[in-house]
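Chain by chain, the residues:
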Amino acid sequence: LRRHQDVLINLTRRASEKVALDDFLQEVTLRVAEAIEIDRVKLMRYRPDRGDLFMEAGVGWRPGLVKTAAFPADMASPPGRAHKTAQPVAIEC
């Protein structure tokens, strides 16, 4: 819990600095991965004009996937299901 609090405090502090949004989002995914000790984290943005979820930032993914991948925003897709239900979705690899 203490580590999670430290991550949130540091990210809050970092958000108040002048930093490019893309760099900040990438840092968020890195810090979250470290804090909860998981290999892959992605930060996605819903694009209403396309009806999909675009991977804005991420760590642990194969090269070239971040900033290019999009996922369906429907219940058949794990990211879409998380978006629609506002509940976490665990995917076992």
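Residues numbered from 1 in each chain as written. Predicted model: local features only at pLDDT ≥ 70, side-chain atom pairs only at ≥ 80, totals over all residues. Heavy atoms only, no water.

**A closer look at the side chain of Ser77**
Among the structural elements, Ser77 can be located in the loop between strand E3 (70–72) and helix H3 (78–85). If near-sequence neighbours (up to four positions away) are discounted, Ser77 is found in contact with Phe71 and Pro72. (Helix = DSSP H or I, 4+ residues; strand = E, 2+ residues; numbered from the N terminus. Contact = heavy atoms within 4.5 Å.)

**Considerations on the packing of aromatic side chains**
For the structure shown, the criterion picks out zero aromatic pairs. Above the plane of the ring of Trp61 lies Arg40, whose end atom (NZ or CZ) is 5.5 Å from the centre. The ring of Phe71 carries the charged tip of Lys42 above its face, separated from the ring centre by 5.0 Å. (Phe/Tyr/Trp six-rings, centres within 6.5 Å; stacked < 30°, edge-to-face > 60°. Lys NZ or Arg CZ within 6 Å of the ring centre and 35° of its normal.)

**Details of the sheet that holds strand E1 (residues 41–47)**
Ordered in space as E1-E2-E3, the three strands form an open sheet in which the pairing is antiparallel. The sheet terminates laterally at E1 and E3, the two strands that pair on one side only. Within the sheet, the average angular offset between the axes of one strand and its neighbour, ignoring direction, is 35 degrees. Two elements, E1 and strand E2 (residues 52–59), share seven bridges in a ladder whose sense is antiparallel. Looking at E2, one finds that Leu43 is bridged to Ala57. Set on the sheet, helix H2 (residues 21–36) makes contact with E1 and E2; between it and E2 the angle comes to about 70 degrees. (Pairing = 2+ DSSP bridges. Axes fitted to C-alpha atoms, helices over the stretch in contact; angles between N-to-C directions.)

Taken by themselves, the reported measurements are silent on function.
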